[in-house]
Structure formats: structure tokens, C-alpha cells
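# Secondary and tertiary structure notes
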Amino acid sequence: MTHVSTLALSHFRSHRLARLAPGGRSVALFGPNGAGKTNLLEALSLLSPGRGLRRAEGEALARRPESLGWRVQAVVETPDGPHEVETGAEAPGASRQVRLDGKPAPQVRLGSLLRIAWLTPSMDRLWTEGAAERRRFLDRTAMGFDPDHAEAALAYEKAMRERNRLLKDDVRDARWLDALEARMAASGAAVARARAVALARLAQAQAGAETAFPAAELALEGDPDAAVAAALAAGEAPEGAQAAAEASLRSALASGRGADYAAGRTLAGPHRTDLKAVYSAKGIEARLCSTGEQKALLISLILATARALAAQTGTPPVLLLDEVAAHLDEARRAALYAEIRALGAQAWMTGTEAHLFDALGDEALRVTVAEGPDGSRTTLQD
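Residues numbered from 1 in each chain as written. Predicted model: local features only at pLDDT ≥ 70, side-chain atom pairs only at ≥ 80, totals over all residues. Heavy atoms only, no water.

As recorded in an unreviewed UniProt entry, the protein chain goes by DNA replication and repair protein RecF and comes from Albimonas pacifica. Of the protein chain, the UniProt comment under Sequence similarities (unreviewed entry) reads exactly: "Belongs to the RecF family." As its UniProt record puts it under Function (unreviewed entry), the protein chain is described as follows: "The RecF protein is involved in DNA metabolism; it is required for DNA replication and normal SOS inducibility. RecF binds preferentially to single-stranded, linear DNA. It also seems to bind ATP." (UniProt positions renumbered as here; feature names shortened; annotations may be inferred.)

To continue, consider the packing of helix 3 (residues 131-145) against helix 5 (residues 174-207). Where helix 3 meets helix 5, the closest approach of the two axes is 9 Å, and the angle between their N-to-C directions is 80°. By the criterion of interaxial angle, the relationship of helix 3 to helix 5 is roughly perpendicular. Contacts from R135, L138, D139, T141, A142 and F145 in helix 3 reach A194, R195, A198, L199, R201 and L202 in helix 5. (Axes fitted to C-alpha atoms, helices over the stretch in contact; angles between N-to-C directions. Helix = DSSP H or I, 4+ residues; strand = E, 2+ residues; numbered from the N terminus. Parallel < 35°, antiparallel > 145°, perpendicular 65-115°, else oblique. Contact = heavy atoms within 4.5 Å.)

When the UniProt feature table is mapped onto this chain, "binding site: ATP" (unreviewed entry) is found at G31, P32, N33, G34, A35, G36, K37 and T38. Following the sequence through the fold, G31 ends up in the loop between strand 3 (26-30) and helix 1 (37-45). When near neighbours in sequence (up to four residues on either side) are disregarded, G31 contacts K37, G351, T352 and V369. Position of P32 among the secondary structure elements: in the loop between strand 3 and helix 1.

On to the UniProt feature "domain: AAA+ ATPase" (unreviewed entry) in the protein chain, then. When the UniProt feature table is mapped onto this chain, "domain: AAA+ ATPase" (unreviewed entry) is found at residues 23-374. For residues 23-374, helix accounts for 43% and strand for 18%, while the C-alpha atoms at its two ends are 27 Å apart.

Moving on: the side chain of S48. Among the secondary structure elements, S48 is positioned in the loop between helix 1 and strand 4 (70-78). The exposure class of S48 is buried, given its relative accessible area of 2%. Apart from the residues lying within four places of it in its own chain, the contact partners of S48 are R96, L110, I116, W118 and R140. (Buried < 20%, exposed > 50% of the residue type's maximum accessible area, 1.4 Å probe, protein only.)

Take a look at the structure:
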């Protein structure tokens, strides 16, 4: 089982210094609001590519008022042995650096070392907010199955920004546009394939599971993603579906130049995709479900992601569940913990009260987080 055996923070958010060594156990963090529990989960989320579960700028991560650099260090146990991971910045505003086993490494390398899935209170609005939040959720999920997805998404965004700059400046150089659109089509088709494959894996994981949480029927809206998903559902090989999507997207970009110039931005492509979810048992769109049902669907998807990743890689992801227990009754909490146990996953969970984690017994490291004169402090509980 892949897990974080030790975690150490230095001048990160409210924590001047902190160190936890759960080994392979799950971790239950409890304490009052504002004590620094979520900051520990955020530190863990930075052991994966991207800006973490809060999507914070680097300046926000450094502890105040010291205005020093910040650092997150961890030992990650994997099937091929332990690895030392370190990420941080030398000063507030400085670029974030990553080191693996003592050597500099690109952020994208983290995706193949440690898979992380998280659920935060802000995600409770996932089904009612704009499509951009759902795309981020989708891309985070897809990156778990295919670490190269992050690089493809970055390549697409970079080429699209350059094309949009030409559109806004009314630069009509066909050769330049052709080159950018070729790059967008290639990387955009790779993005569409990764998203479609991820949804297919989630559907399979939900279909074969006995769970106390409701299943969601997921669908991609907008091409090329929807077209790739339809091709995969029809039995076409992913490579063929990706090649067709690349040709289709390149043609759409070329034929849409007139409308794009008028709008000043690119109107077609995977950056316009949306994720639709339906509560399977009731046939109701997630956006129309009750708040409790939407939360249950989200938990179900996180658990399905963990099952699918375990089936693909042989080890489940590390789960970061922020304030998840507070929204569940006692039976649902016990069901959630039972599913985590069955997965063999390490879960880091937060809550305001210790009793929320009673059903875990001695299976989890129990840690009180409190605010002290020098910032947040952690205390192990017996």
C-alpha cells in the first residue's frame, strides 16, 4: 500500500514546525475551526502536481509574520520502496521547487510517485457552480490515472493562450495559426482521451461496488471530449479515438477562426468541456439534488476513484477528507470508514470533534490540532 509514513512542515501556513509519523495508519485530525487542520491536508496535497487543494498562490503558503520560506517534507512508501519528497520555496513569492530522493525534479514527476484524491467543503458546490470547477475536478481525477495528463493539459493551455493573443491583436498570419492549432489539436486530443478513459474507469468501479453511497452516471459535454467518450463506449481503441479527435479539433479550429476573431478567444476545444452527473437511483441531475445527496455523490466518486486506481496500479491513492465526517450521520460515517478499510487506503481526515472518528478505533493515528502562541500545534492522543 502506498502511504505517507512521515510528514514534516516548516513555516507552512499556521504551522511553524510540525511532524507526524503515522506509518501506514490513517490519521484523524480534530480540533476547533481555524486551528490548522486543513493546513496539514493542504501540505499533503502539495505532494502531487499543481497548486494543492486550495489552489493557493505561493505567497499564501509561507507562515506570517516571519516571511521566511516554507517547506513540506515526507517519506512516501511505495511498492518499489520508500522515497523522500520535499517541496517548498526559499522565500515568499519564490517559485516552488521539488526534490525527490535528494535530487531536483519537475512537479509532474510527483504524479507517478503518489496518487492523491481529496474532498473539501468547497467542493460541495461542485454541481451548482460553473463548468471550470468541474473541469478541474475532472482533470485531477484523470491525472491520477494518467500522470502525463498534466503535461498535456499545460501544453494545450499554453498554445491556446498564444492563439488567443493573436486573435485579440487581430494578427492573421495563417502559418502561425496553423502551427498553434496543430499543437492545440494534438495536446487537446490527448486531454480528451485521458478524461474519457478516467470516466470509463469510474463507471466500471461504481458498477461493481457494494457501497452505502449512491452511484453517479457521468457524461462529458462538449467536443472533442464527448466524441472520444462515445467512441470508447462503442468499443473503439483509445488510440483511434484520440487520432480522430485530433483531426476533428484541428478542423474545427481552422474553420472557426472567423468567429474566434470576433469573440477574441477560442470557442472550441476541451477548455469548454463540462461534466454532467446524474443520481443513478433517482434519475435526477446532481445539480438538482439536495445538499446531502450532492455530498453523498461526491464521496461516492472519491471512493470510486480510489477503487479504480487500486485496480489499475495495485495500490489505492492517499485520501484527504476535510470535514467529511461532520456531514454524515453515525451509520454513514461507519460505512465510509469501512470502505476506506476495505480499500486498504491511508486516509487523512479532519473534524472538529474526536467522537466523529470513534468508529475507527485504534486503526487511525488520532491527533489534536490547536492554536497556540507560536501558531498551530499538534498533540498525539492515546
